[in-house]
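Observations on the model geometry
Listed below, chain by chain, are the residues.
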Amino acid sequence: MSTVVPRIHLGDWANDVVDWLGNHWGGFFDGFANVLNSPVNWIADGLVHTPIIGLVIAFAVIAWLARGWKMAIATVIGFLLIDGFDQFAPALHTLSQILVGSIIAIVISIPLGILSARNKRVASAIRPVLDFMQTLPAYVYILPCLFLMGIGAATAVIATVIFAMPPGVRLTELGIRQVDQEMVEAGQAFGATPREVLRGIQLPLALPNIMAGINQVIMLALSMVVIAGVTGAPGLGTNVFAALSRLDVGIGAEAGISVVILAIYLDRVTDGFSKGELGLVAELRTLRRRSRANAAVTSPSAG
């Protein structure tokens, strides 16, 4: 079949670039991979060597603080199910990768969101890059990462950061742009510097949007769990990928349900902390307000 446009050898050019980077910057990428692998391995080793019952209790306490006692009970049941599926250690490896990838994505995305909200040129330049990051298939950038950094958690973390970072940038920018301009002008009228306006007015009012962005970053990081299995990183993704390769429905079901339980836990906990309306802390605040109200009602009669 004849073509209208002459053959564009983009693949050959990409191979040449990756080969050149591997030949001239191989040491740099090896060191970068070690930098990423170290915190992942450190967190995973710490979690794996902790007694399971202690971790379940810790996860339940966090869920209680975020969403209340019902979520705490559901957390205990969910993680005991994961242990019953013999997927607890892989789940901890996956959790360590999610934590490192999410922290890196959040540290990068929030300052970028602030910068793009305060500078229209930066926003115009970042927007197409974010669109490209969200639509580019993960396998396209995983292949060169595997070639440059090898098999392991580092490539999974890079894939997680690229895929999960855009919502953090967008929601941070949106939250700051939605801050009432009159409040910003009032702060400026009282002599506040741009940095003081940002810290004292814009960031506190934009916090719900920023926390929603953090929630989305974590959830998208978890959605890359199967991709992490392709890169050879230990975790639930490895079991899911192995089940797909061997057509083993049983292992796929157990690993898949474990992923769902972990996803629900992370979503509910981050959402609870972002809203601050549920959980043990909110319950204590409610009890404190009720006690003050009762004291105010009874104090006149007591006098």
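Below, the structure is looked at part by part. Small disclaimer: the values here were computed from a predicted structure and weren't measured. (Residues numbered from 1 in each chain as written. Predicted model: local features only at pLDDT ≥ 70, side-chain atom pairs only at ≥ 80, totals over all residues. Heavy atoms only, no water.)

Quick look at helix α2 (residues 26–48) now. A rise of 1.5 Å per residue sets the reference length of α2, with its 23 residues, at 33 Å; its end C-alpha atoms lie 32 Å apart and thus fit the reference within 8%. Taken residue by residue, α2 has G26, F29, A33, L36, N37, V40, I43, A44 and L47 as its buried positions. Residues of α2 that are buried in the fold lie against α1 (10–24), α3 (52–67), α5 (88–118), α7 (138–149) and α8 (153–177). (Helix = DSSP H or I, 4+ residues; strand = E, 2+ residues; numbered from the N terminus. Expected span 1.5 Å × (residues − 1). Buried < 20%, exposed > 50% of the residue type's maximum accessible area, 1.4 Å probe, protein only. Contact = heavy atoms within 4.5 Å.)

Turning next to the packing of aromatic side chains. According to the stated counting rule, one finds seven aromatic pairs in the structure shown. Here the aromatic rings of F79 and Y265 are separated by 5.2 Å at their centres, their planes lie at 85 degrees, and the arrangement is edge-to-face. A residue pair is termed long-range when its members are at least 10 positions apart, and F79 in helix α4 (residues 69–84) and Y265 in helix α13 (residues 249–275) qualify at 186 residues. On the basis of relative accessible area, F79 is assigned to the buried category, the value being 4%. (Phe/Tyr/Trp six-rings, centres within 6.5 Å; stacked < 30°, edge-to-face > 60°.)

To continue, consider the packing of α5 against α8. Two numbers describe how α5 lies on α8: the axes approach to 6 Å, and their chain directions differ by 35 degrees. The chirality of how α5 crosses α8 is right-handed. Of the residues belonging to the contact of α5 with α8, the class tally is 15 nonpolar, eight polar and two charged. (Axes fitted to C-alpha atoms, helices over the stretch in contact; angles between N-to-C directions. Left-handed = near helix turned anticlockwise from the far one by under 90°. Nonpolar A, V, L, I, M, F, W, Y, C, P; charged D, E, K, R; others polar.)

Apart from glycine, the bulk of residues carry a negative phi angle, and the bulk of peptide bonds sit in the trans form. The backbone phi angle of D86 is positive, close to 60 degrees, even though this residue is not glycine. Its place among the elements puts D86 in the loop between α4 and α5. The exposure class of D86 is exposed, given its relative accessible area of 64%. For L247, which is not glycine, the phi torsion reads 55 degrees and is therefore positive. Using a relative accessible area of 73% as the deciding quantity, one classes L247 as exposed.

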